[in-house]
Amino acid sequence: MQVTVHIDRASGMHDYSLDTKTQQTVLDALFFIQNELDETLAFRCSCRVGMCGSCGMVINGREGLACRTNLDRLGRDIYLRPLRHMRRIKDLVVDMDEFFTKYRAVDPYLKARPEVHSPIVAPPISRMREDIDVGLECISCGLCLSACDVVGVVSEFLGPAALNRAYNLIADVRDEDLDTRLGLVGQERSGVWQCHTHMSCVEVCPKNIAPTRAIAHLKRKLIARRFGLHRERLTPQQQTIIQEGR
Ligand code: SF4
Ligand code: FES
């Protein structure tokens, strides 16, 4: 099939016509353009299998991974532009600092309870495991941040990926920093209250993560804490393990 790829580059809009084969991806087309038509085109990629998160861009108006987006379903005119809300470095390559600054702001690492001396078991079929599992697969691709309408208006908003990570740690019973974390995600300008549940992040996430769900859980936890209804995260059995140092 003959297609035209329209690329929003640093120097303006550029159009490239090429023949495609079935099963080819947007990333294949970009490599063809770079190898055969215009070697100055810049884009980012690494794994080519949807694992590294580095080939994110806006494809026909919607955020997606170039290596996981098949050309067959895009029609004869394909429009590519860099991710939104991040500074363009060159062509389709953006500066991910904006994404990682927000991510770092939630202290995205486990702060283990010092009193825990033995592993706390999270059985595969348990509420605790379910809570954490759904958000763990994030590959830091930045698609959700780009798709988030609120980030475009309130630049301080931490955004979907960072809040999803914060929720993972808040739901993790091994973490000791619950109060600080809740304080952080409850901030007026940067926290969860800015989310209007547009669900754009859910629509574009290549790992089927639902940051909006994490944000809704965080809102519930903040309300519960406000009214003194916050429950201990550990089950009685886990509390015994900690108290007895087993
Ligand atoms: S939550 Fe999904 S869209 Fe957002 S950075 Fe993680 S993998 Fe990408
Ligand atoms: S190249 Fe790694 S996710 Fe696309």
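Everything in this summary refers to the structure shown in the same document. Source: prediction; values computed, not measured. By convention here, each chain's residues receive numbers from 1 onward along its written sequence. Starting at A for chains and at 1 for ligands, labels are handed out in the order in which the entities are written. Local features in this predicted model are restricted to residues whose pLDDT is 70 or higher, and side-chain atom pairs enter the listing and the counts only when it is 80 or higher, whereas totals over whole chains, interfaces and linings include all residues.

Take the site of ligand 1 next. Every one of the 17 residues lining ligand 1 counts as a neighbour, but C138, C141, C144, A161 and C205 are closest to it. Mapped by element, the contributors of at least two residues to the shell around ligand 1 are helix 4 (143–147) and helix 6 (160–170). What counts as a helix is a DSSP run of H or I of at least four residues, what counts as a strand is a run of E of at least two, and both are numbered from the N terminus. Take the shell around ligand 1: its biggest share by element is 3 residues, from helix 6. Residues were grouped as follows: Ala, Val, Leu, Ile, Met, Phe, Trp, Tyr, Cys and Pro as nonpolar; Asp, Glu, Lys and Arg as charged; and all remaining residues, including Gly, as polar. In terms of residue class, the shell around ligand 1 is built from 12 nonpolar, 4 polar and 1 charged. Only the C-beta atom matters for this test: placed from the backbone, it must lie within 6 Å of a molecule or strand for the residue to be near it.

Turning to the sheet that holds strand 1 (residues 2–9), a few remarks are in order. One open sheet accounts for 5 strands, arranged 2-1-5-3-4; its pairing is mixed. Of all the strands in the sheet, just strand 2 (12–19) and strand 4 (62–65) have a single pairing partner and so form its edges. Taking each pair of neighbouring strands and ignoring which way they run, the sheet shows an average axis angle of 30°. This entry defines residue contacts through backbone-placed C-beta atoms, with two residues in contact when those atoms are within 7 Å. For helices, the fitted axis covers only the stretch in contact; all axes are lines through C-alpha atoms, and the angles between them, taken along N-to-C directions, range from 0 to 180 degrees. Across the sheet, helix 1 (residues 26–37) is in contact with strand 1, strand 2 and strand 3 (56–59); its angle to strand 2 comes to roughly 95°. Two strands are counted as paired when DSSP detects at least two bridges linking them.

Put simply, a residue is buried when 20 or more other C-beta atoms lie within 10 Å of its own C-beta and exposed when 12 or fewer do; between those, it is partly exposed, and each C-beta is set from the backbone. Listed in full, the buried residues belonging to helix 7 (residues 178–185) are R181, L182 and V185. For helix 7, the arc enclosing every buried residue in end-on projection is 100°, short of the 170-degree limit, so these residues lie on one face. Along helix 7, the residues that are exposed and aim more than 90 degrees away from the buried face are D179 and T180. Contact partners of the buried residues in helix 7: helix 6 and helix 9 (211–226). Arc definition: directions from the helix axis to the C-beta atoms.

Among the 8 residues that make up strand 2, 0 are buried, leaving the element largely open to the surroundings. Judged from the 8 bridges that link them, strand 1 and strand 2 form a sheet pairing that is antiparallel. The residue bridging Q2 from the neighbouring strand is D19, located in strand 2. Between strand 1 and strand 2, which pair antiparallel and follow one another directly, the connecting turn spans 2 residues.

This brings us to the pairing of strand 1. Summarising the sheet, strand 1 and strand 5 (residues 77–81) pair through 4 bridges and their orientation is parallel. Bridging from a neighbouring strand, V5 pairs with I78 of strand 5.

The description of two helices packed together rests on the angle between their axes and the distance between the axes. Where helix 6 contacts helix 9, the axes come no closer than 8 Å and their chain directions differ by 55°. With respect to their mutual orientation, helix 6 and helix 9 come out oblique. Here helix 6 runs over helix 9; the crossing is left-handed. Residue-level inspection shows P160, A161, L163, N164, A166, Y167 and I170 of helix 6 in contact with helix 9, the latter providing P211, A214, I215, H217, L218 and K221. Residues of the contact of helix 6 with helix 9, tallied by class, amount to 10 nonpolar, 2 polar and 1 charged. Convention used here: angles under 35 degrees read as roughly parallel, angles over 145 as roughly antiparallel, angles from 65 to 115 as roughly perpendicular, and any remaining angle as oblique. Here a crossing is called left-handed whenever its near helix is offset anticlockwise from the far helix by less than a right angle, and right-handed whenever the offset is clockwise.

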